[in-house]
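Close look at the chain arrangement
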Amino acid sequence: MNLVKVLPTLMFIYSMPSFAAEVSTAESTPTVSSITEKNLYGTWLCQHEVEEPNTKMSIKVNYKINYLANGQSNGSGYLFFKINGMPELKYSVTDNSTWALKGNELNIKSKDVNFKNVSHPELEALLNLKKILPATVNESGTIMALTQTTLKVKSASYGEMYTCGKVVTRS
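Bear in mind the structure is a predicted one, so any value in this text is a computation, not a measurement. (Residues numbered from 1 in each chain as written. Predicted model: local features only at pLDDT ≥ 70, side-chain atom pairs only at ≥ 80, totals over all residues. Heavy atoms only, no water.)

**Some details on the overall build of the protein chain**
For clarity, the cut-off: Secondary structure counts use DSSP, requiring at least four H or I residues in a row for a helix and at least two E residues in a row for a strand, with both numbered from the N terminus. The buried label goes to any residue with under 20% of its type's maximum accessible area, the exposed label to any with over 50%, and the partly exposed label to all in between, with areas taken from a 1.4 Å probe on protein chains only. Contacts are residue-level and defined by heavy atoms, with any inter-residue pair within 4.5 Å sufficient. Note that accessible areas follow from Shrake-Rupley with a 1.4 Å probe, and for residues the cover is restricted to the protein chains shown.
For the protein chain, the count of helices and strands is 4 helices and 9 strands. Secondary structure of the protein chain in N-to-C order comes out as α-β-α-β-β-β-β-β-α-α-β-β-β. Counting over 171 residues, the protein chain shows a buried share of 42%. For the protein chain, contacts bridging at least 24 residues in sequence account for 59% of all contacts bridging at least 6. Counting every atom, the protein chain has about 8,700 Å² of accessible surface; 52% of that belongs to carbon and sulfur.

**Quick notes on the packing of aromatic side chains**
For the record, the criterion: Paired rings are identified among Phe, Tyr and Trp, the last through its six-membered ring, by centres lying within 6.5 Å, and are further divided according to the angle between planes into stacked (under 30 degrees), edge-to-face (over 60) and tilted (the rest).
In total, this model carries 4 aromatic pairs according to the counting rule given. Centroid distance Tyr41 to Trp99: 6.2 Å. Interplanar angle 65°. Geometry classified as edge-to-face. One end of the pair, Tyr41, is in the loop between α2 (37–40) and β2 (42–51); the other, Trp99, is in strand β5 (residues 89–102), and 58 residues separate them in sequence. Since its relative accessible area comes to 25%, Tyr41 is described here as partly exposed.

**Here we look at the nonpolar core**
Heads up, the condition is: Residues enter a nonpolar core if they are buried and are Ala, Val, Leu, Ile, Met, Phe, Trp, Tyr or Cys, with the set joined through side-chain atoms within 4.5 Å.
Among the nonpolar cores identified, the biggest contains 28 residues, and Leu79, Leu106, Ile143 and Leu151 are the most heavily contacted of them. Counting only elements with at least two residues in this core, the list comes to β2, β3 (58–67), β4 (72–82), β5, β6 (105–117), β7 (138–146) and β8 (150–155).

**Examining the pattern of salt bridges**
Spelled out, the test is: We define a salt bridge as a side-chain nitrogen of Lys or Arg found within 4 Å of a carboxyl oxygen belonging to Asp or Glu.
Applying the stated rule across the entire model yields 1 salt bridge. Where Glu51 meets Lys56, a salt bridge forms, and the shortest distance between an N and an O atom there is 3.9 Å. Overall, the relative accessible area of 44% leaves Glu51 in the partly exposed class.

**A closer look at unusual backbone geometry**
The phi dihedral of Lys56 is positive, around 65°, even though this residue is not glycine. Here Lys56 lies in the loop between β2 and β3.

And the structure:
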């Protein structure tokens, strides 16, 4: 796995909240009645970490996304790159997307993804990571479980399972 191959998955993670950084291989069968747009509405916290085994490069995502009833979503958060011999790089990320639910398939189309190196902007010219970070993303996943507080999605591109948690607001 290299950075270019893992970035579409990371962008899917931005759109798919993966709370508690849990990656599971266990399959579950959701009840059809629980897979509704209404259960996706609201704000979700996303945290996930991936390590490339050959280079030991790690990428960590901390992200918050809001799914709106009109099929739009917006999010913001941070993407952390750790490459051997380099300081950890922290990028702020914002995203505006559309989403659609068809059965248990969730499709995300990002219209506007913005990355900004906030930790070491002086290294940006040397590394030029921003050049390979995507400006738009189209991704899908199969919802394996969906409740009002939990979402488990299996990425269509990489087959990884992401467990998600919804932000509960108190009135």
